[in-house]
Amino acid sequence: MLKETYTLTNGVEIPKIGYGTWKIANDQATEKVLEAIEAGYRHIDTAQAYGNEAGVGAAIKKTTVPREELFLTTKLAAEIKEYDGAVKAIDDSLKKLGVDVIDLMIIHSPKPWAEFHGEEHYFEGNLAAWRALEEAYQAGKLRAIGVSNFEIVDLENLLKHSKTKPAVNQLLAHIGQTPFDVIEFSQKQEILVEAYSPIAHGAMLKSKTITALADKYKVSIPQLAIRYCLQLGLLPLPKTENPAHMKNNAEVDFEISDEDMEKLARVTSDFDYGKNNDMPVFRRVLG
């Protein structure tokens, strides 16, 4: 499965499963990314906000896997909603990662994190940041550009007022929290949806429905969760610092029946994300 790819609208191929690096400290990122690459991952996802671009970049430089076989994603900080700041931030990421080209760069959020639940959508600011990404894409610094956490109205703003359609929209998506409306809209626009936190930080371990179906297919709950995303046409980005779990998360060569996919789609729960509950994206889920 780690060798399979989706094709973005501009023809760029992207591995169907990525390795997420959120909350991996910079001084640990090199080791963990190298372990992920050793386990077969070729798609690495980081962000300016994670503070570990340098560590991730060091792994890209240190591995024996050729650069052209790796797909590297980073994210423009959510607080940058103007052109000049975005231009500088793009160049800063290139330097920290130590690469000439970033495979995918996306706007991390349509709103600054401190205002994530506010009513202001920052339409003009997102268009300004997007213009910087477009220019970097046209200049060959970025192979593809996209967004994250964008609702339908935020996507419509870019689709109506910019030259380049987002290649991806990265969303919080997992069993029990699947934003079908945004997914459907994105997919109709040929925007690939990436699913971050596909395992819900382990919160779904308490679900009897999910546990029963994992037992039925003789797979782990993370494997069931990742397979669920793949069968919805999503690109899951599981994150773990455990090499054994890295390997397990990628062993998803099985098929969930249509009937069981419907059961999983109907799962509803106010997931307790534990220590991550204070993050804006998870607070929105908890309401």
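Conventions we followed
Residues numbered from 1 in each chain as written. Predicted model: local features only at pLDDT ≥ 70, side-chain atom pairs only at ≥ 80, totals over all residues. Heavy atoms only, no water. Phe/Tyr/Trp six-rings, centres within 6.5 Å; stacked < 30°, edge-to-face > 60°. Buried < 20%, exposed > 50% of the residue type's maximum accessible area, 1.4 Å probe, protein only. Helix = DSSP H or I, 4+ residues; strand = E, 2+ residues; numbered from the N terminus. Lys, Arg positive; Asp, Glu negative; His and termini not counted. Salt bridge = Lys/Arg side-chain N within 4 Å of Asp/Glu carboxyl O. Contact = heavy atoms within 4.5 Å.

**Observations regarding the packing of aromatic side chains**
Link 1 in the chain: A complete count under the given rule lists three aromatic pairs for this structure.
Link 2 in the chain: Ring geometry for Trp-113 and Phe-116: centres 5.5 Å apart, planes at 40°, overall tilted.
Link 3 in the chain: When its relative accessible area of 21% is taken as the criterion, Trp-113 is described as partly exposed.
Link 4 in the chain: Taking the relative accessible area as the measure of exposure, Phe-116 reaches 6% and is therefore buried.

**Observations regarding the side chain of Lys-111**
Link 1 in the chain: Looking at where Lys-111 falls in the secondary structure, it is placed in the loop between β6 (104–107) and α4 (123–138).
Link 2 in the chain: The buried charged residue Lys-111 lacks any salt bridge, with Asp-154 as its nearest oppositely charged partner at 6.3 Å.
Link 3 in the chain: Residues in contact with Lys-111, not counting those within four places in the same chain, are Ala-78, Lys-81, Phe-116, Gly-118, Glu-120, His-121 and Tyr-122.

**A closer look at the pattern of salt bridges**
Link 1 in the chain: Under the counting rule described, the total for this entry stands at 14 salt bridges.
Link 2 in the chain: Among the ionic pairs, Lys-216 bridges to Asp-260, the shortest N-O distance being 2.7 Å. Of this pair, Lys-216 sits in helix α7 (residues 208–217) while Asp-260 sits in helix α10 (residues 258–265), placing them 44 residues apart in sequence.
Link 3 in the chain: On the accessibility criterion, Asp-260 (1% relative accessible area) is buried.
Link 4 in the chain: A single network of salt bridges, built from pairs that share partners, joins Arg-67, Asp-103 and Arg-143.

**Here's the deal with the environment of Met-261**
Link 1 in the chain: Take Met-261: it is sitting in helix α10.
Link 2 in the chain: Among the residues examined, Met-261 registers a relative accessible area of 11% and is labelled buried.
Link 3 in the chain: C-alpha of Met-261 to C-alpha of Asn-157: the two residues are 104 residues apart in sequence and 32 Å apart in space.
Link 4 in the chain: Beyond its immediate chain neighbours, meaning those up to four positions away, Met-261 contacts Tyr-228, Gln-231, Leu-232 and Ile-256.

**A look at unusual backbone geometry**
Link 1 in the chain: Of note, the phi angle at Glu-190 is positive, near 60°, even though the residue is not glycine.
Link 2 in the chain: Along the chain, the position of Glu-190 falls in the loop between α6 (180–188) and β9 (192–196).
Link 3 in the chain: Look at Glu-190 and you get exposed, because its relative accessible area is 54%.
Link 4 in the chain: The phi dihedral of Lys-218 is positive, around 60°, even though this residue is not glycine.
Link 5 in the chain: Summarising the element assignment, Lys-218 is placed in the loop between α7 and α8 (221–231).

It is worth stressing that arrangement in space is one thing and function is another; only the former is reported here.
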